Amino acid sequence: MVKKIVVSWCVALAFLSADSAQVNKAITNADLIKEIRDLKKIISVQNTEINNLRRVQEVLSGQLGDMRKDILSTRDYCISLRPYIYNWR
């Protein structure tokens, strides 16, 4: 994926730095349109991956919140047992 982006940028730089006679030989509008479409596809895939990671982050955040509640309730339960433990000795 990254390789395609680098190649696309190199093509764009070649287009900008070459004189017009070389540009017409080296690259056509159709080539540029194809490169742009390819880049759009890559960006779309990356956006999908970012959205998936956001969903995973939300799930993990929720699980972390649940674990915190469990830890606090366990701590409170242990504290409530202290008098019985001290009296048991």
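These numbers were taken from a predicted model, which means no experiment stands behind them.

1. So, the overall build of the chain
- What the chain contains, in helices and strands, is three helices and zero strands.
- Counted from the first residue to the last, the chain has its helices and strands arranged as α-α-α.
- Per-residue burial over the chain gives 6% buried out of 89 residues.
- As displayed, the chain offers around 8,100 Å² of accessible surface, 62% of which is attributable to carbon and sulfur atoms.

2. Quick notes on the pattern of salt bridges
- What the rule picks out here adds up to two salt bridges.
- Its salt-bridge partner being Asp38, residue Lys34 comes within 3.0 Å of it at the nearest N-O pair. Taken together, the positions of Lys34 and Asp38, both in helix α3 (residues 29-88) and four residues apart, correspond to about one turn of that helix.
- For Lys34, a relative accessible area of 49% corresponds to the partly exposed category.
- Residue class for Asp38 comes out buried when judged on its relative accessible area of 14%.
- Between Arg75 and Asp76 there is a salt bridge whose closest N-O contact spans 3.1 Å.
- Asp76 sits in the partly exposed class, given a relative accessible area of 40%.

3. Looking at the environment of Ser80
- Summarising the element assignment, Ser80 is placed in helix α3.
- The class of Ser80 is partly exposed, set by a relative accessible area of 38%.
- Polar side-chain contacts of Ser80 include one of 2.5 Å to the backbone oxygen of Tyr77.

4. Describing α3
- Compared with an ideal rise of 1.5 Å per residue, which puts 60 residues at 88 Å, α3 spans 87 Å between its outermost C-alpha atoms and is within 8% of the ideal.
- Along its length, α3 shows its largest kink, about 35 degrees, at Arg82, and proline Pro83 lies within four residues downstream of that point.

5. Section: a nonpolar patch on the surface
- On the surface, Leu64, Met67 and Ile71 cluster together into a nonpolar patch covering about 340 Å² of accessible area.
- Along the polypeptide, Met67 turns up in helix α3.

6. As for the confidence of the model for the chain
- Looking at the chain as a whole, the pLDDT averages 82, with 71% of positions reaching at least 70.
- Across the chain, the element-wise mean pLDDT spans from 58 in helix α2 (residues 20-26) up to 91 in α3.

Conventions used here
- Residues numbered from 1 in each chain as written.
- Predicted model: local features only at pLDDT ≥ 70, side-chain atom pairs only at ≥ 80, totals over all residues.
- Heavy atoms only, no water.
- Helix = DSSP H or I, 4+ residues; strand = E, 2+ residues; numbered from the N terminus.
- Buried < 20%, exposed > 50% of the residue type's maximum accessible area, 1.4 Å probe, protein only.
- Areas by Shrake-Rupley, 256 points an atom, 1.4 Å probe, with all protein chains shown as cover.
- Salt bridge = Lys/Arg side-chain N within 4 Å of Asp/Glu carboxyl O.
- Polar contact = N/O pair within 3.5 Å; in protein donor to acceptor, adjacent residues only side chain to side chain.
- Expected span 1.5 Å × (residues − 1).
- Bend = angle between axes of the 7 residues up to and from the residue.
- Patch = residues over 30% accessible without salt bridge, like charges linked within 9 Å, V, L, I, M, F, W, Y side chains within 5 Å.
- pLDDT = per-residue confidence, 0-100.

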